[in-house]
Amino acid sequence: TGASSGIGRAIARQLAAEGTDLVVVARDEARMKALASELPVDVEVVTADLGDTDQLAVVEARLADADRPVDLVVNNAGFGTYGDFAALDRDGEAREIAVNVTAVVRLTHAALDGMRARGRGAVMNISSVAGLQATPGNATYGATKAFVASFGEAVAGELGGTGVTLTTVLPGYTHTEFAERAGIGGRQIPKPAWQSAEDVATSALAATREGRPWLVPGALNKA
């Protein structure tokens, strides 16, 4: 999910370069079709806003389709808001929770049904180092990512011995469109704190293949 830009797009490109067919999900159909045309594999495009219950159900149904099994699910779609919580739009904060939390829970659940039955498969959920500490000005986003981190670590433990794994990835500042969309594009953040989406994608895919339950990419983020 969130395959039209940033980490999601980087993961899609790296998987395609290895010959993996893809199902890409995002709101921006034009971007996804452009991405699909670049890739040397079969790409199924599913246009969906994961904050919309009906559109989310379409993606759940695709994951539950036993005739077209999905081996790896990457729950990457998400967005952030920045500012004094009391001054932010209430509906916008609720939508942030719907995309960052509810969609991750429902899609993980939909994927695990088939994966457990087959005895193989992997889920990668993108959290954030922002979920590891409360940050004023980033209250809802940090809380959603804390949920994803705690949820993923617990489910990973439940999956022991099933042949199915869940890896939670917690990136730090990453060169994507996220910062501008969240309203933090003008903040002065030291250059060493940033990673490229490609580097995060490479680390995330490696950790997922190893079945690791937890990954904080980047030495500075780990510190």
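The preceding data block contains the structure.
Not measured: the values here are computed from a predicted model.

Criteria and cut-off values
- Residues numbered from 1 in each chain as written.
- Predicted model: local features only at pLDDT ≥ 70, side-chain atom pairs only at ≥ 80, totals over all residues.
- Heavy atoms only, no water.
- Phe/Tyr/Trp six-rings, centres within 6.5 Å; stacked < 30°, edge-to-face > 60°.
- Helix = DSSP H or I, 4+ residues; strand = E, 2+ residues; numbered from the N terminus.
- Buried < 20%, exposed > 50% of the residue type's maximum accessible area, 1.4 Å probe, protein only.
- Pairing = 2+ DSSP bridges.
- Right-handed = clockwise from strand over helix to strand, strands pointing away.

K.L.:
Explain the packing of aromatic side chains to me, please; I cannot follow it from the model alone.
P.N.:
Each aromatic ring pair is characterised by the separation of its centres together with the angle its planes make. Taken as a whole, this structure holds one aromatic pair when the rule is applied. With a centroid separation of 5.8 Å and 15° between ring planes, the pair formed by F147 and F151 is classed as stacked. One end of the pair, F147, and the other, F151, are both in helix 5 (residues 139–158), four residues apart, so they sit about a helical turn from each other.

K.L.:
For this particular structure, what's the right way to read the pairing of strand 5 (residues 164–169)?
P.N.:
Remark: a regular strand shows side chains that alternate across the two faces of the sheet. Within strand 5, five of the six residues are buried, which leaves it mostly tucked inside the rest of the structure. Judged from the six bridges that link them, strand 4 (residues 121–126) and strand 5 form a sheet pairing that is parallel. Note on strand 5: the bridge partner recorded for V123 is L166. Traced from strand 4 through helix 5 to strand 5, the parallel crossover comes out right-handed. Taken together, the two bridges between strand 5 and strand 8 (residues 214–215) define a ladder with parallel strand orientation. In the strand pairing of strand 8, V169 is matched with L215.

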